[in-house]
Amino acid sequence: MNINTLVEELLRVVRREPVDTLVGVYTALLQIRFLVRDYDIDLREEDLRSIIMPSVYSRIFQERAGSVYSESLKILSEFFTKHRELANSRVRLFFIESFEVKLRDVLYPCLPLYIRVNEVPEPWRKIVLKIAENVSKRLYPAHDQTQAGTMAIWEGDIMRETPSIYDLRIVERYLLSSNIALFGYNVYLVFPTYTISKYALSIAGLATPELTERPEKLDETQLMPRIMKALQSIVRGHVQVEEDAISVIIGRDQSRVRVVVCLPENLNRYRASGSLVMVITRSKSECPSEYNTICISTEEGFEKAIFKTLLFIKNLEDSILQLQA
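The rules behind these values
Residues numbered from 1 in each chain as written. Predicted model: local features only at pLDDT ≥ 70, side-chain atom pairs only at ≥ 80, totals over all residues. Heavy atoms only, no water. Helix = DSSP H or I, 4+ residues; strand = E, 2+ residues; numbered from the N terminus. Buried < 20%, exposed > 50% of the residue type's maximum accessible area, 1.4 Å probe, protein only.

Novice: Explain the environment of Leu231 to me, using residue names and the numbers behind them.
Specialist: When you line up the elements, Leu231 lands in helix 13 (residues 220-234). Along the backbone, Leu231 and Leu35 are 196 residues apart, and their C-alpha atoms lie at a distance of 32 Å.

Novice: Pulling in residues and values, what's your account of unusual backbone geometry?
Specialist: A cis amide bond, omega 0 degrees, links Glu122 with the succeeding residue Pro123. In this structure, Pro123 sits in the loop between helix 7 (104-110) and helix 8 (124-136). The phi angle at Asn179 is positive, at roughly 70 degrees, despite the residue not being glycine. Mapped onto the elements, Asn179 comes out in the loop between helix 10 (165-177) and strand 3 (183-185). For Asn179, a relative accessible area of 3% puts it in the buried group. Of note, the phi angle at Asn186 is positive, near 50 degrees, even though the residue is not glycine. Locating Asn186 in the fold gives a position in the loop between strand 3 and strand 4 (188-191).

This is the structure in structure tokens:
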């Protein structure tokens, strides 16, 4: 079986799963990629448990860490048991890197949902963001790198941003706790390409001028399709395009909530529909004062408005499903 066929098979599996599990599988694969890159190893469940670090899941998924860890290992142990050819390190390397590239449409909008730079105290936050920007700009040499651009960076190169080895250890801890760096091994930190993308950095507070410049008008030909595509990647419920809005139905059975995302000129059509309406405006001053209406402005840029929309809907769905569990 060729690599592309294997990649497509695993993609079909993970795309049916909640976004947390999908990211959990990706997280596990990256650890396998960097930690046992050159080893021929038969990856049964016990082998996976010796490689995949629960601490990584605790940082990323917090209270959901245990279930995401278990489900991710279950999916991968079954897959690797079925496909013994992946015990070969060269075959496995190409497989994991191809998987990372093929899953870009989900990982690009999803991984920034797990970044927690706002939890890093000042003045460390500025240093963490500077390092993230430097990694994004390829200002540090990469010790190892995937096809997609995920890099292992030597801590010695990062140290030049800090005054001492003690400060370096603090910065490394915050790079990991903020999930900008996914994990560390030996003397390297691994930075996923999707946590140091322009999109990720823009919502973390390092947006470039072209992303933060306030638009003259809302261009739904750019904004709404991007929200639609991202929602299809991260939401388990039904997402569809209506005539002038995006409709998202989340929940199970009789306990469901309908969220409508629209632009201001279409608000009147949906404000009395019984749906929770998210309206995207040019400025906060244009936000309507209405019940059952949430306003997201693009004053801080399209990228951040998209992120806030995705984060709200994802968290709402997670909360509803948890109540129904």
